[in-house]
Amino acid sequence: MALGDLMASRFSQSSVVVSNHLDECSSNHEEDGRDRDSSETTASSSYGGNNNALATVTSMAYLPQTVVLCELRHEAFEACIPSGPSDSGLVSKWRPKDRMKTGCVALVLCLNISVDPPDVIKISPCARMECWIDPFSMPTQKALETIGKTLSFQYERWQPRARYKIQLDPTVEEVKKLCTTCRKYAKSERVLFHYNGHGVPKPTPNGEIWLFNKSYTQYIPLPAVDLDSWLKTPSIYVFDCSAAGLIVNAFIELQDCSPSSSGASSARDCILLAACEAHETLPQSADFPADVFTSCLTTPIKMALRWFRTRSLLHESLDHSLIDKIPGRQTDRKTLLGELNWIFTAVTDTIAWNVLPHDLFQRLFRQDLLVASLFRNFLLAERIMRSANCSPVSHPMLPPTHQHHMWDAWDMAAEICLGQLPALVEDPNAEFQPSPFFTEQLTAFEVWLDHGSEHKKPPEQLPIVLQVLLSQCHRFRALVLLGRFLDMGPWAVDLALSVGIFPYVLKLLQTTTPELRQILVFIWTKILALDKSCQVDLVKDGGHTYFIRFLDSVEAYPEQRAMAAFVLAVIVDGHRRGQEACVEAGLIHVCLKHLQGSTPNDAQTEPLFLQWLCLCLGKLWEDFSEAQIIGLQADAPAIYAPLLSEPQPEVRASAVFALGTLLDVGFDSSRDAVGDEECDDDEKVRADMIIVKSLLNVVSDGSPLVRAEVAVALSRFAFGHNKHLKSIAAEYWKPQPNYVLSSLPSFAMKGTGSGYSTPNHYSQIGPLLRVGGDNQSSGRDGRVSTSSPLATSGIMHGSPLSDDSSQHSDSGILNDCSSNGVVSHSRPRSLDNALYSQCVSAMCTLAKDPSPRIASLGRRVLSFIGIEQVVTKAVKPTGSSVRPGESSNPPTTSLAGLARSSSWFDMNAGHLPLTFRTPPVSPPRPSYLTGMRRVCSLEFRPHLMASPDSGLADPLLGSGGASGVSERSFLPQSTIYNWSCGHFSKPLLTAADDSEEIMARREEREKFALDHISKCQHSSVSKLHNPIASWDTKFETGTKTALLQPFSPVVIAADEGEQIRVWNYEEATLLNSFNNRDYPDKGISKLCLVNELDDSLLLVASSDGSVRIWKDYSLKGKQRLVTAFSSVQGHRPGVRSVNAVVDWQQQSGYMYASGEISSTMVWDLDKEQLVSPIPLASDCSISALAASQIHGGQFAAGFVDGSVRLYDIRTPDSLVCVTRPHTQRVEKVVGIGFQPGLDPAKIVSASQAGDIQFLDIRSQKNAYLTIDAHRGSLTALAVHRHAPLIASGSAKQFIKVFNLAGEQLGTIRYYPTIMAQKIGPVSCLTFHPYQVFLAAGFADSCVSIYADEISPP
């Protein structure tokens, strides 16, 4: 986190002045090659200088601004398996389960004009209009027919494609015929039955409706049960008559009494709309039409405006006849009538969405267009009829909506429109002024976006936003606001989809408007991040071409093109039709063109864009051979190779994923069914070779994200080339001559004869190796030929486990492997043996990865080639050299062939060993199994030999093409795609809320640090012999290393067994205790704090070079592994242990690692990448390493031969200078550190012989000051970061404290008295970064913390 000028300005105002550790005379010297005598040099380290001008620079130097390992990828990599966009569960709820349409409409009108029914007493004047026609204005029969036709016409406006059938004043038989005909025609579609009973009596209490006899002399009842049996379901009934609620009650009773099967379906698919409740009579006021309910349902705008006119101030100035003359068409939104209809739809939709339960809204307002229209209009009917004391009824029942505040918005819009009406009617050419309704509603939505959240009430304007998408003038603003809403999280996307946004945004992909492209891509990104199932709709509508065009457009921002690549990746993810469509549209060439055009490490190239180009292609050709062929023809492997060195781990992992899916799993030469065709494909063989070579380069990548993908890709390769890999692996266990035994690593092998055999000089073996005794040796079809041993000397140097600069290394290929004829074939070999060997080597590297998740993946990969791992405890040596319970006789059979100890089977003594997975000839002896913990193998089924012909292939991957699908399910699955999808589910437009809190905490810590740095620099002489805390860590093997936290009273300690304990020394409480890993090797060599000024992480470096970085390490049981990698790769030949030395430099973000290797590895923890190996230019190895905490890129190294070198990776050759200060007795340097201050060349070095040398390397080669601190027993050195103090520890149980002038300030020693403190042999020393505290760890498991006699302020 580069905070830049903000931080500089803050420091410039700081009242704390921090010394730059240089006096006046030293500031006159040039940086390079200055000559000073030793006294002058000593003076330059004194603490008298207070240079105000340099205070700000100093502050910035002391407080690094780099923060690493806090990206999304570091959140619980080990713990969770990410899931990508879903296509089931919660997200499927927004989709209407079964879209329906109303196919047939039956209109039954029982008006019997001019004859009033006996139970109705009419007032005068009385409501007379039916379908806006006065029945008494024309002859009775004509009036009846006209009303019938008009009603049919009014319904057709809502559903023009349905078939309409009308019965006027019918008999029961005619209604029966009508119903059966409609059901026959509609088949499984919905039938609408509309009943107008204004000319017959009210329904009976049983819910029977009245019809006529043929002569119209009697009213004939029709029971609801008959009507239901004729119409069946799905159906919708509209009853416009008095006491219509009785009919609804009858239908509900009918459904309750029906048999469960038919009753359930009837209850689901029968919808009822009734004009009033059971005890109510229809309004007779002349202000309303007689069929006010029908008019609301079929002509809502006319009804609503007429009703509104009577209640508004316009009723005097506006004649109701003008309402019939409203210009325009309902379907044309640019006209007055069209806009009114559009606003009415938006208002009623909004009311329904805000009031109704989700499922009911979906069923009534999104399933069937006609039903949706009728229910929108039903809300109006409820509002109007309740004003006449009449309550319309529905089934399913709706909550009351007549007083919803959105009706006020409708009234306002109606008033504005009606105000223009007289002028528009008078002058047809007058310009129509659109209503501000939609603009105002969008503004209300925008206000909600500024203040709303998931935990507040949803925005009620969402359905209006949906309606606004239909308008070109409002569309862009609506889409932008919709995008902001969707960005709030998956819950917002789900809400928008449930409103019905999907068909609208799908349709918009057909537009070519340039300004909509970016926001549409964003909206689709959000939708597909939630719900993958939309891929089908997109391909069906040809939507994929829209995104391919956008991806190919260079004017769009890279981040937006990355979204297009994401959308396309989801379209092709596991969807063959999508893959085919995108291949046809040329997506492969588009992606490769842009990947090729991007130059590696170019700051202009957006990593997210590269990442999604890789993932998109990977998904496109995953399990799709046609696309793989096109990719290979376009030279995809070569285009991807440079991406494997990109600085962003996500890009590297995505490139590995794409290369891995380019490996065809079907290419399995062990299967006869497909072998002949596949093996002849030389192009495919060459491509596989290029891909695998690329993958082998990143086996030791610094990011677990990348290595996990390498493991998955190698598992695909192992699946496809199973038999060859097994053959290579098996060769390494061939019997070897006896002289090979001396170079074997510590493995116990099972011979080909009987039982286990162990050479007695390797009796204290921890790891246990089982090798199957397979005596069959067949030369056919990839079987091992015993007459041609593969294990030649130096066979695997050049593998990732060996040291590249080893003098024994050859070019990394097998010696004479082609001439040896290792495995004879009836077909040509697919790849050469060297590559197969390197693959097995890489698989073994992954199987012992520091990350548990990747180690598990690596073991699964090994299981494909027949190797399983057995974990054993190391057995401590006993008096004799023979393991307990074991005979000491020499082995009767020779050990199986492990070529050299530096081969890839040397698991660094204590790592997980390997066993070859073939059946044992005889059972293992029980005594061997006493120390075994568990078997970490992927045992799917018993490893029985299927037949002599099946050779080394185990049944899991044996021959038989039919089982290919089930076999594939055993392959480990990639996680980079699903993990990367999570990025788009998170808010992309807003910053995280906690940034201010983080800044405040950082500012507080910086102030603390500056205050205490100043105090440290000006501290008086400190003896440091007052123990303020002592802690028995209870480590069985003593304390190996310790660390003091800077901002809390916490000390962290670790032992040889890689047990880490965290202790609060003020409260004397154990905060946490955990194992760094399950199978410890030689203990922990270093503990460092990463990001100490922020949320600090604990870097734990093991002696074997493994580095693990922990988060929340001080919370009991809640520690989480952030990342893990092997910092040291390979070691010198003949050396059994790496003895890694590691240091961390916050200023640069670099971690330096070395040991028994010929170079120093420089790792960039921000990129999680090896920057460069720096050659040591020495035959000796590094024994002590210190990185400058002030000058980024500088580190000092002490060597086994007593020499000291200063390196600066910013210089061309990295090595700054070399000196040999330890000349009296040449022993290894055990401690080294930079002196406090800004001078980059002042170093303190201590050798095992006991002398401490003070060096100013750039000015003179020899030490300017030497202290003989301990005689031959110096074990630890600590240099304070800011105070003029150094401390040294001895195995003889005392600690000495010196200042930088070499004066001894105090001694902490072992006093054999009762009252005095007791200390053991010193194993480690460390100073507090900002206070004068010293922590010391001892061989007897104690840790003590020392301060001056006066407690520090």
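First things first, this report covers the structure right here in the doc. (Residues numbered from 1 in each chain as written. Predicted model: local features only at pLDDT ≥ 70, side-chain atom pairs only at ≥ 80, totals over all residues. Heavy atoms only, no water.)

One pass over the structure, following the stated rule, counts 36 aromatic pairs. Seen in terms of ring centroids, Phe-437 and Phe-438 are 5.0 Å apart; in terms of plane orientation they differ by 80 degrees. Their pairing is edge-to-face. In this pair, the class of Phe-437 matches that of Phe-438, namely buried. Members of the aromatic cluster, joined through ring pairs, are Phe-193, Tyr-195, Tyr-237, Phe-239 and Phe-251. The ring of Trp-342 has Arg-333 lying over it, and the distance from NZ or CZ to the ring centre is 5.6 Å. Here Arg-1281 stacks its cationic end above the ring of Tyr-1330, 5.7 Å away from the centre of that ring. (Phe/Tyr/Trp six-rings, centres within 6.5 Å; stacked < 30°, edge-to-face > 60°. Buried < 20%, exposed > 50% of the residue type's maximum accessible area, 1.4 Å probe, protein only. Lys NZ or Arg CZ within 6 Å of the ring centre and 35° of its normal.)

Attention now moves to the sheet that holds strand β6 (residues 235-240). Hydrogen bonds between backbone groups are what pair the strands of a sheet, and the pairing can be parallel or antiparallel. With respect to topology, six strands assemble into an open sheet ordered β2-β1-β3-β6-β7-β8, the strand pairing being mixed. The open sheet has two free edges, formed respectively by β2 (163-168) and β8 (393-395), since each of these has just one partner strand. Taking the axes of each pair of neighbouring strands and ignoring which way they run, one obtains an average angle of 10 degrees across the sheet. Sheet topology places β6 next to strand β7 (residues 270-274); five bridges connect them, and they run parallel. In the sheet register, Tyr-237 faces β7, and the bridge partner there is Leu-272. (Pairing = 2+ DSSP bridges. Helix = DSSP H or I, 4+ residues; strand = E, 2+ residues; numbered from the N terminus. Axes fitted to C-alpha atoms, helices over the stretch in contact; angles between N-to-C directions.)

In this section: helix α34 (residues 704-720). An ideal rise of 1.5 Å per residue puts 24 Å on 17 residues; α34 measures up with 24 Å between its terminal C-alpha atoms. Along α34, 17 of the 17 residues are buried, which leaves the element largely enclosed by surrounding structure. (Expected span 1.5 Å × (residues − 1).)

Here we take up the sheet that holds strand β23 (residues 1141-1145). Taking strand neighbours across the sheet as the criterion, the four strands line up as β23-β24-β25-β26 in an open arrangement whose pairing is antiparallel. Each edge of the sheet is formed by a strand with only one pairing partner; in this case those strands are β23 and β26 (1169-1175). The average angle at which neighbouring strand axes cross in this sheet is 20 degrees, direction not considered. As paired strands, β23 and strand β24 (residues 1150-1154) are joined by five bridges and run antiparallel to one another. Bridge pairing in β24 links Val-1141 to Ser-1154.

Here we take up helix α31 (residues 649-662). Taking 1.5 Å of rise per residue, 14 residues should cover 20 Å, and α31 covers 20 Å from first to last C-alpha, within 8% of that figure. Burial analysis of α31 places 14 of its 14 residues in the buried class, which makes it a mostly covered element.

Let's shift gears to the environment of Arg-716. Summarising the element assignment, Arg-716 is placed in helix α34. Residue classification places Arg-716 among the buried residues on the basis of a relative accessible area of 8%. Placed 54 residues apart in sequence, Arg-716 and Leu-662 show a C-alpha to C-alpha distance of 9.7 Å.

Packing of helix α5 (residues 172-186) against helix α6 (residues 224-231) brings their axes to within 8 Å, and their N-to-C directions diverge by 35 degrees. Residue-level contacts link Val-172, Val-175, Lys-176, Cys-179, Thr-180 and Arg-183 of α5 to Leu-227, Trp-230 and Leu-231 of α6. Looking at side-chain class alone, the contact of α5 with α6 contains six nonpolar, one polar and two charged residues. (Contact = heavy atoms within 4.5 Å. Nonpolar A, V, L, I, M, F, W, Y, C, P; charged D, E, K, R; others polar.)

Let us look at the nonpolar core. As a rule of thumb, soluble globular proteins bury nonpolar side chains together. Core analysis: the largest hydrophobic core is formed by 224 residues, its most contacted members being Trp-410, Phe-485, Trp-524 and Tyr-640. Filtering out sequence-adjacent residues up to four positions away, Trp-524 remains in contact with Phe-502, Val-505, Leu-506, Leu-509, Cys-534, Leu-538, Phe-547 and Val-567. Val-108, Val-172, Phe-193 and Ala-250 belong to the second largest nonpolar core, which has 35 residues in total. (Core = buried A, V, L, I, M, F, W, Y, C linked by side-chain atoms within 4.5 Å.)

Before going further, it helps to examine the packing of helix α25 (residues 558-572) against helix α26 (residues 576-584). As a packed pair, α25 and α26 sit with axes 7 Å apart at the nearest point and diverge in direction by 130 degrees. The orientation of α25 relative to α26 falls into the category oblique. Between α25 and α26, the residues in contact are Leu-568, Ile-571 and Val-572 and Gly-578, Gln-579 and Cys-582, respectively. Within the contact of α25 with α26, the residues separate by chemical class into four nonpolar, two polar and no charged. (Parallel < 35°, antiparallel > 145°, perpendicular 65-115°, else oblique.)

Okay, the pairing of β23 next. For a regular strand, the rule is simple: side chains alternate between the two faces of the sheet. Across the five residues that make up β23, a large majority, five, are buried. Residues Val-1141, Asp-1143 and Gln-1145 of β23 are buried on one face, and the alternating residues Val-1142 and Trp-1144, pointing to the opposite face, are buried as well. Where β23 folds back onto β24 in an antiparallel hairpin, the turn is made up of four residues, including Gly-1149, whose phi is positive at roughly 80 degrees.

The next subject is the pattern of salt bridges. Tallied over the entire structure, the rule returns 34 salt bridges. The salt bridge partner of Arg-386 is Glu-382, with a shortest N-O separation of 3.1 Å. You can see Arg-386 and its partner Glu-382 sitting in helix α15 (residues 369-386), four residues apart, about one turn around the helix. Across the salt bridge formed by Asp-1143 and Lys-1086, the nearest N and O atoms sit 3.7 Å from each other. On the criterion of sequence distance, the pair formed by Asp-1143 in strand β23 and Lys-1086 in strand β19 (residues 1084-1090) is long-range, its members being 57 residues apart. The network of salt bridges with common partners includes Lys-532, Asp-573, Lys-619 and Glu-622. (Salt bridge = Lys/Arg side-chain N within 4 Å of Asp/Glu carboxyl O.)

What follows deals with the environment of Asp-450. By secondary structure assignment, the location of Asp-450 is in helix α17 (residues 437-451). The spacing of Asp-450 and Arg-484 is 34 residues in sequence and 9.8 Å in space, taken between C-alpha atoms. At a separation of 2.8 Å, a polar atom in the side chain of Asp-450 contacts the side chain of Arg-484. (Polar contact = N/O pair within 3.5 Å; in protein donor to acceptor, adjacent residues only side chain to side chain.)

Another aspect to go through is the state of the cysteines. Scanning the model with the defined rule gives zero disulfides in all. Cys-179 takes part in no disulfide bond, and the closest cysteine sulfur to it belongs to Cys-182, at a distance of 6.8 Å. For Cys-179, a relative accessible area of 0% gives the class buried. (Disulfide = S-S within 2.5 Å.)

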